[in-house]
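Understanding the architecture of this molecule
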Amino acid sequence: MSRRIALSLWMLTAILTIMTLAATGVGALRLPVSLLWNGSDEALRQVWLTIRLPRVLLALAIGGSLALAGCVMQGLFRNPLADPGLLGISSGAALAVALWVVLPLSLPALVMLYAPMLAAFVGALAATLVIFLLSRQRDGSLSRLLLVGIAINALCGAAVGVLSWLSNDAQLRQLSLWGMGSLGQAQWSTLLAVASLMVPTALVIWRLAGALNLLQLGDEEAHYLGVEVATVQRILLLCSALLVAAAVAVSGVIGFVGLVVPHLVRMWLGADHRAVLPGSVLAGALLLLVADTLARSLVAPAEMPVGLLTSLLGAPGFLWLIFRRGGAHG
């Protein structure tokens, strides 16, 4: 890794640290760090510790997870337009949540509190299992899996549409809000759940960064260079799916983070995944942190769905990237 890239990563880390500290004090209720250090108001300190801090850290974890999953997907498909939602993982989660909302079960109160998140995780993992089983087939190429993902997206989208049509007004509102994405349910328990999946999964992906670099040369060339292509592809595919499943289960559907961030980082740092992977995690965490801070500040004391902001920020930027790239090749 060159000195320029190392300095860029350290600069991004410093910016993320400063923004994290600033974000913990911003919101409907201003919480200056100086006031917290003085310890003069225990009530404000508890608000900061139990509500504001876990939400900020959850934004970092989910933003990093989505961007890392997107980076892996773009590397696997060797396509800068690849997205974690392509394989139908988010759609599987959305269908499971729609089933839970429209057809609720009678469960203990503690289970009811976390039921939508559990349903989303089960749905995402079910889609992941289908993808993983297909990847074990002899003809389970990545292009075939992409077509399977498109089919899963279509089927799940149609099923969610039917359930929305069957739902009442309250259920329809709940489904709509979940589909827009939000970090309003942030707690230390949800943060721990995401981190317990993200950290080991990210370490596995990091260990395969060199193999992912070689895969950019093509499957045949990577095989001749000593990469067990099918095994590495399956591991990276499963890791990407787990990251998306954990993120979607906690926050709902948040778009464009996994699509735009790795693309921009690759343009900035180059094609070496030893730099692009950590750069994507840092940049994805920063983007979602900024978006969530704006979501809970712009219309305070109300709150905007953070998924709307990421789409509003990401869609025009991505269109600009597409036309810029097209103009460069034209």
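Being a predicted model, the structure only gives us computed values, none of them experimental.

Reading the values: the criteria
Residues numbered from 1 in each chain as written. Predicted model: local features only at pLDDT ≥ 70, side-chain atom pairs only at ≥ 80, totals over all residues. Heavy atoms only, no water. Core = buried A, V, L, I, M, F, W, Y, C linked by side-chain atoms within 4.5 Å. Buried < 20%, exposed > 50% of the residue type's maximum accessible area, 1.4 Å probe, protein only. Helix = DSSP H or I, 4+ residues; strand = E, 2+ residues; numbered from the N terminus. Polar contact = N/O pair within 3.5 Å; in protein donor to acceptor, adjacent residues only side chain to side chain. Contact = heavy atoms within 4.5 Å. Patch = residues over 30% accessible without salt bridge, like charges linked within 9 Å, V, L, I, M, F, W, Y side chains within 5 Å. Areas by Shrake-Rupley, 256 points an atom, 1.4 Å probe, with all protein chains shown as cover. Salt bridge = Lys/Arg side-chain N within 4 Å of Asp/Glu carboxyl O. Expected span 1.5 Å × (residues − 1). Arc of directions from axis to C-beta. UniProt positions renumbered as here; feature names shortened; annotations may be inferred.

**Focus: the nonpolar core**
- In terms of nonpolar packing, the biggest core is built from 89 residues, with Leu58, Ile62, Ile205, Leu215 and Leu236 touching the most fellow members.
- Among the elements that make up this core, the one with the highest residue count is helix 3 (residues 42-77) (15 residues).

**Here we look at the side chain of Ser240**
- Mapped onto the elements, Ser240 comes out in helix 11 (residues 229-251).
- Here Ala69 takes part through its backbone oxygen, which lies 3.3 Å from a polar atom of the side chain of Ser240.

**A closer look at the environment of Gly75**
- For Gly75, the position within the fold is in helix 3.
- Between the C-alpha atom of Gly75 and that of Gln216, which follows or precedes it by 141 residues, the distance is 7.0 Å.
- Setting aside residues up to four positions removed in sequence, Gly75 forms contacts with Leu212, Gln216, Arg266 and His273.

**A closer look at unusual backbone geometry**
- Not every positive phi belongs to a glycine, and Phe256 is a case in point at roughly 75 degrees.
- Positionally, Phe256 belongs in the loop between helix 11 and helix 12 (257-269).
- The exposure class of Phe256 is partly exposed, given its relative accessible area of 26%.

**What to know about a nonpolar patch on the surface**
- Together, Met11, Ile15, Met19 and Trp268 give the surface a local cluster of nonpolar side chains, amounting to about 340 Å² of exposed area.
- Along the chain, Met19 falls in helix 1 (residues 3-23).
- Its relative accessible area of 33% is what places Met19 among the partly exposed residues.

**Some words on the pattern of salt bridges**
- Scanning the model with the defined rule gives five salt bridges in all.
- For Asp292, the salt bridge identified is with Arg55, shortest N-O distance 2.7 Å. Highlighted residues: Asp292 in helix 13 (residues 273-295) and Arg55 in helix 3, separated in sequence by 237 residues. Accessibility assignment for this pair places Asp292 and Arg55 in one class, buried.
- Note that Arg296 is salt-bridged to Asp292, the shortest N-O span being 3.5 Å.
- A single salt-bridge network, built from bridges that share partners, covers Arg55, Asp292, Arg296 and Glu303.

**Examining helix 7 (residues 169-180)**
- For helix 7, spanning 12 residues, the distance from its first C-alpha to its last is 17 Å, which sits close to the expected 16 Å at 1.5 Å a residue.
- The complete set of buried residues in helix 7 reads Gln171, Leu175 and Trp178. Here the buried residues of helix 7 occupy an arc of 65 degrees about the axis, which is enough to place them on one side. Across from the buried face of helix 7, at angles greater than 90 degrees, the exposed residues are Asp169, Ala170 and Arg173.
- Backbone nitrogen of Ala170 and a side-chain oxygen of the N-cap are separated by 3.2 Å at the start of helix 7; the cap is Asn168.
- Count one or two residues on from helix 7 and you reach Gly181, which has phi positive near 85 degrees.

**Concerning the UniProt feature "transmembrane region" (unreviewed entry) in the chain**
- Within this numbering scheme, the UniProt entry marks residues 52-73, 85-107, 113-134, 146-166, 186-206, 235-261, 281-299 and 306-323 as carrying the feature "transmembrane region" (unreviewed entry).
- Annotation note: span residues 186-206, helix share 90%, strand share 0%, distance between end C-alpha atoms 27 Å.
- Between the end C-alpha atoms of residues 281-299 there is a gap of 28 Å, over a span that is 79% helix and 0% strand.

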